[in-house]
Amino acid sequence: MITGHVFIATSVDGFIARENGNIDWLHEIDTKNEDHGYVQFMQNIDAIIMGRGTFETLSAIRPWVYDIPVLVLSKTLADQSTPTDLIGKVRFVNKTPKEAMALLENEGCRRVYVDGGRVVQSFIYDALITDLIITQIPLLLGNGRRLFGDIPNDIFLQHQKTKTFPSGFVQSKYIIKR
């Protein structure tokens, strides 16, 4: 059975990006000597699902940052051609979260990294996320794009662990209770 997993950073006040999508603030704190567990997390991931905004933020980085398949959920990009250098690495699709997970499951994927604010929200609402690793950055942005928006009902989490880092980062892992 396929499962969805989140590994994401937020400001202390819950924002994942500025209003314009910029994440420059993520790189303002020196964390060179810290292992936040991202590499270990990615070792167990078969594919990535992200939204258009996340893809557009990452699309200028070359070489491309991922060596596993990336599915970009976007009504806008689904009609466009994949950039030549990303063919075989990135696909644009206009699918619901459940359809996207079914597609990847049919391709043999078992663990999917879900990234991007709205995409994470929609996967949580559709009960497609198993666990969340949220790293709080010691910064208040005041406004921007929230990790969590309005929810139709309570979603209970089971705390697994919390780790602090010399940089002031605080990382917590939660399992979504069903």
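Before reading further, recall that the structure is shown in the block above.
Each chain has its residues counted from 1, following the order in which its sequence is written. Thresholds applied to this predicted model are a pLDDT of at least 70 for local features of residues and 80 or more for the giving and counting of side-chain atom pairs; totals over whole chains, interfaces and linings are not thresholded and use all residues. Side-chain measures were taken over the full set of non-hydrogen atoms in the model, leaving aside hydrogen atoms and water.

1. A short note on the overall build of the protein
Right, on to step 1. Here a helix means four or more residues in a row that DSSP labels H or I, a strand means two or more in a row labelled E, and each is numbered from the N terminus. Within the protein, the secondary structure is distributed over 4 helices and 10 strands.
Right, on to step 2. Overall, the protein shows an N-to-C arrangement of helices and strands of β-β-α-β-α-β-β-α-β-α-β-β-β-β.
Right, on to step 3. This radius of gyration counts C-alpha atoms alone. The globule rule is 2.2 Å times how many residues there are, raised to the power 0.38. Taken against the 2.2 N^0.38 rule, which gives 16 Å for 178 residues, the C-alpha radius of gyration of the protein at 16 Å falls within 12% of a compact globule.
Right, on to step 4. A principal-axis box enclosing the C-alpha atoms of the protein has dimensions of 40 × 40 × 30 Å.
Right, on to step 5. Per-residue burial over the protein gives 41% buried out of 178 residues.
Right, on to step 6. Here, residues are in contact when the closest pair of their heavy atoms is within 4.5 Å. Pairs at least 24 residues apart make up 66% of the contacts formed inside the protein by residues separated by at least 6 positions.
Right, on to step 7. Accessible surface for the protein amounts to roughly 10200 Å². Of this, 49% is attributable to carbon and sulfur atoms.
Right, on to step 8. Only four residue types enter the charge count, namely Lys and Arg as positive and Asp and Glu as negative; His and the chain termini do not. All charge positions are set by atom: Lys at NZ, Arg at CZ, Asp at CG, Glu at CD. With 19 positive and 20 negative side-chain charges, the protein shows a spacing of 3 Å between the two charge centroids. Note on exposure labels: buried denotes an accessible area under 20% of the residue type's maximum, exposed denotes more than 50%, and partly exposed covers the range between, all computed with a 1.4 Å probe on protein chains only. Here, Shrake-Rupley sampling with a 1.4 Å probe gives the accessible areas, and only protein chains in the shown set may cover a residue.

2. Observations concerning helix H4 (residues 117-125)
Right, on to step 1. When we look at burial in H4, the residues that qualify are Gly117, Val119, Val120, Gln121, Phe123 and Ile124.
Right, on to step 2. After H4 finishes, the residue Ala127 shows a positive phi value of roughly 60°.

3. Some words on the sheet that holds strand E7 (residues 129-137)
Right, on to step 1. We treat two strands as partners when DSSP finds at least two bridges between them. Strand order in the open sheet made by the 8 strands is E5-E4-E3-E6-E1-E7-E10-E9, with mixed pairing throughout. Each edge of the sheet is formed by a strand with only one pairing partner; in this case those strands are strand E5 (90-93) and strand E9 (157-164). Each strand axis lies, on average, 20° off the axis of its neighbour in the sheet, ignoring direction.
Right, on to step 2. Of the strand pairs in this sheet, strand E3 (residues 47-51) and strand E6 (residues 111-115) are connected by 4 bridges, and their pairing is parallel. What sits directly across from Ile49, in E6, is Val114.
Right, on to step 3. Here an axis means a line fitted to C-alpha atoms, over the contact stretch when the element is a helix, while the angle between two N-to-C directions is reported on a 0 to 180 degree scale. Relative to the sheet, H4 contacts strand E1 (3-11), E3, strand E4 (70-73), E6, E7 and strand E10 (170-176), its axis offset from that of E6 by approximately 130°.

4. Topic: the environment of Gly149
Right, on to step 1. By the element assignment, Gly149 lies in the loop between strand E8 (145-146) and E9.
Right, on to step 2. A relative accessible area of 31% means that Gly149 is categorised as partly exposed.
Right, on to step 3. Considering only alpha carbons, one finds Gly149 and Arg118, 31 residues apart in sequence, at a separation of 8.3 Å.
Right, on to step 4. With near-sequence residues (within four places) excluded, Gly149 lies in contact with Gln121 and Tyr125.

Treat this as a map of the structure, not an account of what it does.
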